Amino acid sequence: VSRLLQSKGYSSQQAENGQVCVDLVLSGDPNQFDLILMDYEMPRMNGPTATKQIRSLGMDSFVVGITGNLFPEDVSYFKTCGANLVLPKPLDVHTLIDAFVEHGVSSEQD
């Protein structure tokens, strides 16, 4: 996903688990990221838990949860933890970019 987004003009950083994402947010301005793509299932800390923690730090960036768990209770839980949107795996990049446009997340090319 990172390479696809970079080819469309978006810059990105990667975190191999939820704790690394929280640490990246803690390392600077809580709103240094326009967008966070958060996988549901990750080692060390899952996506909903990481999302909840970064929201508690005051981050109001757009968070997209990405999951193969599309049961209504899983989607609802992710949103309750702070995700603005939850998309299914496999991720459709066009749907993701449409969400960016709808929510004002621009690329470096815009």
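Residue positions are given per chain, counted from 1 along the sequence in the order it is written. Per-residue local features of the predicted model are confined to residues with pLDDT of at least 70, and side-chain atom pairs are confined, for both listing and counting, to 80 or more; whole-chain, interface and lining totals are unaffected and use all residues. To get the side-chain values, take all heavy atoms of the structure and skip hydrogens and water.

### What about the overall build of the chain?
Thinking step 1. Where helices and strands are cited, they refer to DSSP runs of H or I of at least four residues and of E of at least two residues respectively, numbered from the N terminus. Secondary structure summary: the chain contains five helices and three strands in total.
Thinking step 2. If you list the helices and strands of the chain from N to C, you get α-α-β-α-β-α-β-α.
Thinking step 3. Burial status across the chain gives 43% buried among its 110 residues.
Thinking step 4. Considering only contacts within the chain whose residues lie at least 6 apart along the sequence, 60% involve residues at least 24 apart.
Thinking step 5. For accessible areas, the Shrake-Rupley method is used with a probe of radius 1.4 Å. Any residue's cover is judged against the shown protein chains and nothing else. Put simply, the chain shows about 6,400 Å² of open surface, and 49% of that area lies on carbon and sulfur atoms.
Thinking step 6. Counting rule for charge: Lys and Arg are taken as positive, Asp and Glu as negative, and neither His nor the chain ends is counted. Charged groups are reduced to one reference atom each: NZ for lysine, CZ for arginine, CG for aspartic acid, CD for glutamic acid. In the chain, the 7 positive side-chain charges and the 14 negative ones have mean positions that sit 4 Å from each other. Each residue gets one of three labels from its accessible area relative to the maximum for its type: buried under 20%, exposed over 50%, partly exposed in between, using a 1.4 Å probe on protein chains only. Two residues qualify as a contact provided that any one of their heavy atoms is within 4.5 Å of a heavy atom in the partner residue.

### Description of the sheet that holds strand β3 (residues 85-88)
Thinking step 1. In this analysis, strands are considered paired if DSSP registers two or more bridges between them. With parallel pairing, three strands are arranged side by side in an open sheet as β1-β2-β3. Sheet topology places β1 (35-39) and β3 at the edges, where each strand pairs with a single neighbour. Direction aside, the axes of adjacent strands within the sheet are offset by 25 degrees on average.
Thinking step 2. Two strands pair when backbone bridges link them, and β1 and strand β2 (residues 62-67) are joined in this way by five bridges, in the parallel orientation. Pairing of I36 across the sheet is with V63, part of β2.
Thinking step 3. Think of each axis as a best-fit line through the C-alpha atoms, taken over the contacting stretch in the case of a helix, with angles from 0 to 180 degrees between the N-to-C directions. Here helix α4 (residues 72-80) sits on the sheet and contacts β1, β2 and β3; the angle it forms with β3, its principal contact strand, is near 140 degrees.

### Some thoughts on unusual backbone geometry
Thinking step 1. Here the bond from K89 into P90 is cis, since omega is -5 degrees, no more than 30 degrees from zero.
Thinking step 2. Note on placement: P90 falls in the loop between β3 and α5 (93-102).
Thinking step 3. The backbone phi angle of R44 is positive, close to 70 degrees, even though this residue is not glycine.
Thinking step 4. Tracing the chain through its elements places R44 in the loop between β1 and α3 (47-56).

### Looking at the confidence of the model for the chain
Close inspection of predicted coordinates is inappropriate in any region flagged by low pLDDT.
Thinking step 1. pLDDT runs from 0 to 100 and stands for how confident the predictor is about each residue. Chain-level statistics for the chain give a pLDDT mean of 90 and a share of 96% at 70 or above.
Thinking step 2. Per-element confidence in the chain ranges from a low mean pLDDT of 86 for helix α1 (residues 2-7) to a high of 97 for α3.

### Focus: the packing of aromatic side chains
Thinking step 1. A pair of Phe, Tyr and Trp rings is counted when the ring centres sit within 6.5 Å of each other, with Trp represented by its six-membered ring. The angle between the planes then sorts it: under 30 degrees is stacked, over 60 is edge-to-face, the rest tilted. Evaluated as defined, the whole model comprises two aromatic pairs.
Thinking step 2. A centroid spacing of 5.2 Å and a plane angle of 85 degrees characterise the contact between Y40 and F78, whose relative ring orientation is edge-to-face. Of the two residues, Y40 is situated in the loop between β1 and α3 and F78 in helix α4; the sequence distance between them amounts to 38 residues.
Thinking step 3. For Y40, a relative accessible area of 8% translates into the label buried.

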